[in-house]
Amino acid sequence: VLSAGAISSALILRRAGIDAGHEIFFDPFVSVGGYLKDINFNTEVQMAGLVIGENFVLSPHFSSFIRANIPDDSVTDKDILSIMVKTPDECKGYIDDDGEVYKTNTIQDIRYLAEGVATAGFILEKAGVDPNTIGSTVYRGAHPGGTAKIGEIVDSNLETEISNLFVCDASVLPISPGKPPILTILALSKRLADYLKNK
């Protein structure tokens, strides 16, 4: 059973002769934030609060990278309030034979991110953040997947065309969830364990 992550799984499968890794999603995210004096949001941030939009999820998230967008040198991490914007992305990109990842952002990907960033900015301003200081981190990928999709590379029991070779990680997800996939992966793992016990 492989559970090596979307990129590693794709390379292992390809070296075994299975045509995996020709698509990939990243579950992209940015952190948006700004100046709110002495907010003290930079310690023990719980990501428990959610705003769920049609094409994005917002959650409390601290990033010291926001500070680079605020020209006032007196601003410290304790003066930054920030929100994570996570969106689903289209499965456009691939992994080459050397393990290099190439990812294309589509117009839809950019639109979803812009919607989430605008909503986060609105919330931050209502919370008291100086709107002239609101900035964003660079675009990052959080949960690569989709490189060995169910129905294409693995069957509904997560088995590849090689008998008794199973894959059970984010690589089998057919679309970007746009939110942390850990519960889905745990459910798939439990289902696969039950299947293997009974096989």
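Higher on the page you've got the structure.
Residues numbered from 1 in each chain as written. Predicted model: local features only at pLDDT ≥ 70, side-chain atom pairs only at ≥ 80, totals over all residues. Heavy atoms only, no water.

**Student:** Looking at this structure, I do not really get the overall build of the chain. What am I missing?
**Tutor:** From N to C terminus, the chain includes 3 helices and 8 strands. Its helices and strands taken in sequence order, the chain reads α-β-β-β-β-β-β-α-β-β-α from the N to the C terminus. Based on the C-alpha atoms only, the size of the chain along its principal axes is roughly 60 × 35 × 30 Å. By residue count, 43% of the 199 residues in the chain fall in the buried class. The contacts in the chain between residues at least 6 apart in sequence include a share of 74% that link residues at least 24 apart. Counting only carbon and sulfur atoms, one obtains 56% of the accessible surface of the chain, whose full area is about 10400 Å². (Helix = DSSP H or I, 4+ residues; strand = E, 2+ residues; numbered from the N terminus. Buried < 20%, exposed > 50% of the residue type's maximum accessible area, 1.4 Å probe, protein only. Contact = heavy atoms within 4.5 Å. Areas by Shrake-Rupley, 256 points an atom, 1.4 Å probe, with all protein chains shown as cover.)

**Student:** What am I meant to see in the pattern of salt bridges here?
**Tutor:** Counting across every chain of the model gives 11 salt bridges. Linking Glu159 and Lys199 is a salt bridge whose minimum nitrogen-to-oxygen distance equals 3.8 Å. Linking Glu159 in the loop between strand E8 (140-141) and helix H3 (182-198) with Lys199 in the segment after H3, this pair joins segments that are 40 residues apart in sequence. Residue Glu159 is classed as buried on the basis of its relative accessible area of 12%. For Lys199, a relative accessible area of 52% gives the class exposed. (Salt bridge = Lys/Arg side-chain N within 4 Å of Asp/Glu carboxyl O.)

**Student:** How should helix H1 (residues 6-15) be read in this particular structure?
**Tutor:** Three or four residues apart is the spacing at which side chains of an α-helix point the same way, because the helix has 3.6 residues per turn. For H1, the full list of buried residues reads Ala6, Ser9, Ala10, Leu11, Leu13 and Arg14. Looking at the packing, one finds that the buried side of H1 touches strand E5 (93-95). Where H1 ends, the next residue or the one after it, Gly17, has phi of about 95 degrees, a positive value.

**Student:** What is the right way to read the pairing of strand E1 (residues 28-35) from this model?
**Tutor:** Both faces of the sheet carry side chains from a regular strand, because those side chains alternate between them. A large share of E1 lies buried, amounting to 7 of its 8 residues. With 7 bridges connecting them, E1 and strand E4 (residues 80-86) associate as antiparallel partners. Paired with Gly33 across the bridge in E4 is Ser82. Relative to strand E7 (residues 135-136), E1 runs antiparallel, the two sharing 2 bridges. When the bridges of E7 are listed, Gly33 appears paired with Gly135. (Pairing = 2+ DSSP bridges.)

**Student:** Help me understand the environment of Ser8, please; the structure alone is not making it clear to me.
**Tutor:** Within the secondary structure, Ser8 sits in helix H1. Given a relative accessible area of 35%, Ser8 falls into the partly exposed group. Taking C-alpha positions, Ser8 is 12 Å from Cys168, a pair spaced 160 residues apart along the chain.

**Student:** For this particular structure, what's the right way to read the pairing of strand E3 (residues 57-60)?
**Tutor:** Of the strand pairs in this sheet, strand E2 (residues 51-52) and E3 are connected by 2 bridges, and their pairing is antiparallel. Along E3, the bridge assignment pairs Val51 with Leu58. Hairpin connection from E2 to E3: 4 residues lie between these consecutive antiparallel strands. Strand direction decides the pairing type here: E3 and E4, joined by 4 bridges, are antiparallel. Pairing of Ser59 across the sheet is with Met84, part of E4.

**Student:** Would you take a moment to explain the packing of aromatic side chains for this structure?
**Tutor:** Inspection of every chain in the model, using the stated rule, returns 2 aromatic pairs. Ring centres of Tyr94 and Tyr102 lie 5.0 Å apart, and the angle between their planes is 20 degrees; this geometry places the pair in the stacked category. (Phe/Tyr/Trp six-rings, centres within 6.5 Å; stacked < 30°, edge-to-face > 60°.)

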